[in-house]
Amino acid sequence: MNNSTALKTSVVKSPSNNVARWMVAYVPDVKGNSALVLKGTYPSYLFEIIPPTQSSNCIKIEYQGNTYHVMVKLDIDNAGAPPNSYLMEMLRWYSKCKAKPTLNKINASVGK
């Protein structure tokens, strides 16, 4: 994680374990060309869908004929690298819930 970016975190306590599997995370007052998505069930991760980059820190995922770039911002349960099936499920969910920015907008924002 970039040292200049501070994320505030909260512990979610749910006695019945009814935490959503996927959640969009927003940083107030920050408008960006990426999306933060939390995988709330074990193993938990915080992913960021980012514009195309040459960074070796991102995972490239093919979804619906496009290549998307995903960074693992936080491995909450120290489970190691997520399987591609989690990333595909996350992209399907993100697209289906019509969150903003859209996947197409994220991919179109190269160099912005």
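For every chain, the first residue of the written sequence is number 1, and numbering continues from 1 onward in sequence order. Under the rules for a predicted model, residues below a pLDDT of 70 receive no local features and side-chain atom pairs below 80 are neither given nor counted, while totals for whole chains, interfaces and linings still include all residues. Remark: hydrogens and water are excluded; side-chain values derive from all non-hydrogen atoms of the structure.

1. Considerations on the nonpolar core
Nonpolar side chains tend to gather and get buried jointly when the protein is soluble and globular. For clarity, the threshold we go by: Residues belong to one nonpolar core when they are buried, are Ala, Val, Leu, Ile, Met, Phe, Trp, Tyr or Cys, and are joined through side-chain atoms within 4.5 Å. Relative accessible area decides the class of each residue, using a 1.4 Å probe on protein chains only: under 20% of the type maximum gives buried, over 50% gives exposed, and in between gives partly exposed. A run of H or I in DSSP counts as a helix once it spans at least four residues, and a run of E counts as a strand once it spans at least two, with each numbered from the N terminus.
Counting residues in each nonpolar core, the largest one holds 18 residues, and the members touching the most others are F47, I49, M90, L91, Y94 and L103. Broken down by secondary-structure element, the contributors of at least two residues to this core are strand 2 (35–39), strand 3 (45–50), strand 4 (58–63), strand 5 (66–75), helix 1 (84–96) and helix 2 (103–108). The greatest single-element share of this core, amounting to 5 residues, is contributed by helix 1.

2. Considerations on the packing of aromatic side chains
Test applied: Working definition: rings of Phe, Tyr and Trp (its six-membered ring) pair if their centres are within 6.5 Å, and the pair is stacked with planes under 30 degrees apart, edge-to-face with planes over 60 apart, and tilted otherwise. Only lysine NZ and arginine CZ atoms are considered, and such an atom sits over a ring when it is within 6 Å of the ring centre and within 35 degrees of the ring normal.
Enumeration according to the criterion identifies 4 aromatic pairs in this entry. Taking the centre distance of 5.4 Å and the plane angle of 20° together, the rings of Y45 and F47 count as stacked. The same class applies to Y45 as to F47, namely buried. An aromatic cluster is present here, built from W22, Y45, F47 and Y86 joined pairwise through their rings. The positively charged end of K39 is found above the aromatic ring belonging to Y86, 4.5 Å away from the centroid.

3. Notes on the environment of D75
Test applied: Residue contacts are counted whenever heavy atoms from the two residues lie within 4.5 Å of one another. Definition of a polar contact: a pair of N or O atoms within 3.5 Å, with one able to donate and the other able to accept a hydrogen when the atoms are protein atoms, and with sequence-neighbouring residues admitted only if both atoms are side-chain atoms.
Residue placement: D75 occurs in strand 5. Separated by 36 residues in sequence, D75 and K39 place their C-alpha atoms 9.9 Å apart. If we ignore the near neighbours within four places in the chain, the residues touching D75 are S44, Y45 and G80. At 2.9 Å, the side chain of D75 and the backbone nitrogen of A79 are in polar contact. From its side chain, D75 meets the backbone nitrogen of G80 in a polar contact 2.7 Å long.

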